[in-house]
Amino acid sequence: MSTTPNVTVLVPAKNEERDIERCLRAILAQDYSHDRMEIVLVDGGSTDGTATIARAVLVESDVDWRVLDNPVGTTPSNLNAGLSIASGDLVCRVDARSIISTDYVTRCVELLQEPRFVVVGGRQVAVAREGSGLMARSIARGLNNRWATGLARYRRGAKSGGTDTVYLGAMRLAELRRVGGWDECFETNQDFDLNRRLARHGIVWFDDRLSVQYLPRESFRDLWRQYVRFGRWKTRYWVTRREAPRPRQYALLVGPVVVVLFMLGLLRRHPGMTAATVIAGAVALDITGVEEPASPAIRIGGVIASVTVAAGWWWGVISGWIRS
């Protein structure tokens, strides 16, 4: 592979008119040579202005680009549609709600010079949109809580090293095609599945120098639905691939039950325990991997968001097992 390989930045999108411009501007701000980059955005049948905004941003750029329409509309089908026309030596996946740092592509290229690495990726850092209210900022904080999001390496601010999955991911085009791209039977969790299949051929590498901002849902209701869906598709993955949950995932399955039983035991033994005491204990679990000041209201809201994430995923897994 050339020391200056061509890179395809692959962006799956559907109804993301609010965030797509910010995503693309970050890609266009890369310090990697623009004549060695192409952007392939696949619009999955949006009913808003996602594709129109994308074309308006890209037409003024100095990077080769394509905007494809994909009526199937699922994330893995969008990714595979883009993969079918990608011409780069490497592929960097960048989701529409993600904002990559200016050196992101450069660092991915450098890391993939190591032939043992088949996938490289970095940290996901949830950030609230500018001008967001209390709930949105609380959700962003909750998603950065290392205890409530499954202890995945890319969420807990770990040191660089091999792992089971990474956020987004950059890969060699030839290896990605060799394993068949993204499995379209997994509408969600297709990234984890791909990482596990690629791991048969090398190392999935988490690099702590890579950091990507993620723009999350802005209501607890939407967050709950998102993580219930994640849980159900995780169960589908385990059943389809005949794999058992990873130790960290067992912890997330057992954790909510243990916490509830512990709190009920405390209240039974100490009926005078006040709600304020319970809240104070919960706030003690507000441990994020991001050093940032936060008001007591946002910290409490972050704990509520963390509970929503953990409980939603747990319910999704349990209901998924019942249905399977």
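Structure shown above.
Residues numbered from 1 in each chain as written. Predicted model: local features only at pLDDT ≥ 70, side-chain atom pairs only at ≥ 80, totals over all residues. Heavy atoms only, no water.

A. Region of the structure containing the overall build of the protein. Along the backbone of the protein there are eleven helices and nine strands. Taken over 324 residues, the protein has a buried fraction of 52%. Excluding contacts between residues fewer than 6 apart, the proportion of contacts in the protein whose partners are at least 24 apart in sequence is 82%. Surface exposure of the protein reaches about 14900 Å², of which carbon and sulfur atoms provide 55%. (Helix = DSSP H or I, 4+ residues; strand = E, 2+ residues; numbered from the N terminus. Buried < 20%, exposed > 50% of the residue type's maximum accessible area, 1.4 Å probe, protein only. Contact = heavy atoms within 4.5 Å. Areas by Shrake-Rupley, 256 points an atom, 1.4 Å probe, with all protein chains shown as cover.)

B. Structural view of unusual backbone geometry. The phi angle at Leu 168 is positive, at roughly 65°, despite the residue not being glycine. Mapping Leu 168 onto the fold places it in strand β8 (residues 167-172). At Asn 189, a position not held by glycine, the phi torsion is positive, near 80°. By the secondary structure assignment, Asn 189 is in the loop between α6 (173-178) and α7 (190-198). Relative accessible area serves as the criterion here: at 10%, Asn 189 is assigned to the buried category.

C. Representation of the environment of Ala 170 within the structure. With respect to the helices and strands, Ala 170 occurs in strand β8. C-alpha separation for the pair Ala 170 and Leu 112, spaced 58 residues apart in sequence, amounts to 8.1 Å.

D. Molecular detail of the pairing of strand β1 (residues 7-13). Extensive coverage of β1 is indicated by the burial of seven of its seven residues. The alternating pattern of β1 places Val 7, Val 9, Val 11 and Ala 13 on one face and Thr 8, Leu 10 and Pro 12 on the opposite face, and all of these are buried. As paired elements, β1 and strand β2 (residues 37-43) share seven bridges and run parallel to each other. In the sheet register, Thr 8 faces β2, and the bridge partner there is Glu 38. Following the chain from β1 across helix α1 (residues 20-28) to the adjacent parallel β2, one finds a crossover that is right-handed. In terms of strand pairing, β1 meets strand β4 (residues 90-93) through four bridges, oriented parallel. Bridging across to β4, Leu 10 finds its partner in Arg 93. (Pairing = 2+ DSSP bridges. Right-handed = clockwise from strand over helix to strand, strands pointing away.)

E. Structural detail: the pattern of salt bridges. This structure, assessed with the given rule, holds 14 salt bridges. In this structure, Arg 25 engages Glu 21 in a salt bridge whose closest nitrogen and oxygen atoms are separated by 3.2 Å. With Arg 25 and Glu 21 both in helix α1 and four residues apart, the pair spans about one turn of that helix. In this structure Arg 25 comes out as partly exposed when scored by relative accessible area, which is 39%. The salt bridge partner of Arg 55 is Asp 69, with a shortest N-O separation of 4.0 Å. Here the residue Arg 55 occupies a position in helix α2 (residues 50-58), and Asp 69 occupies one in strand β3 (residues 64-69), the gap between them amounting to 14 residues. Each of the salt bridges in this network shares a partner with another, and the network as a whole consists of Arg 18, Asp 19, Arg 129 and Glu 218. (Salt bridge = Lys/Arg side-chain N within 4 Å of Asp/Glu carboxyl O.)

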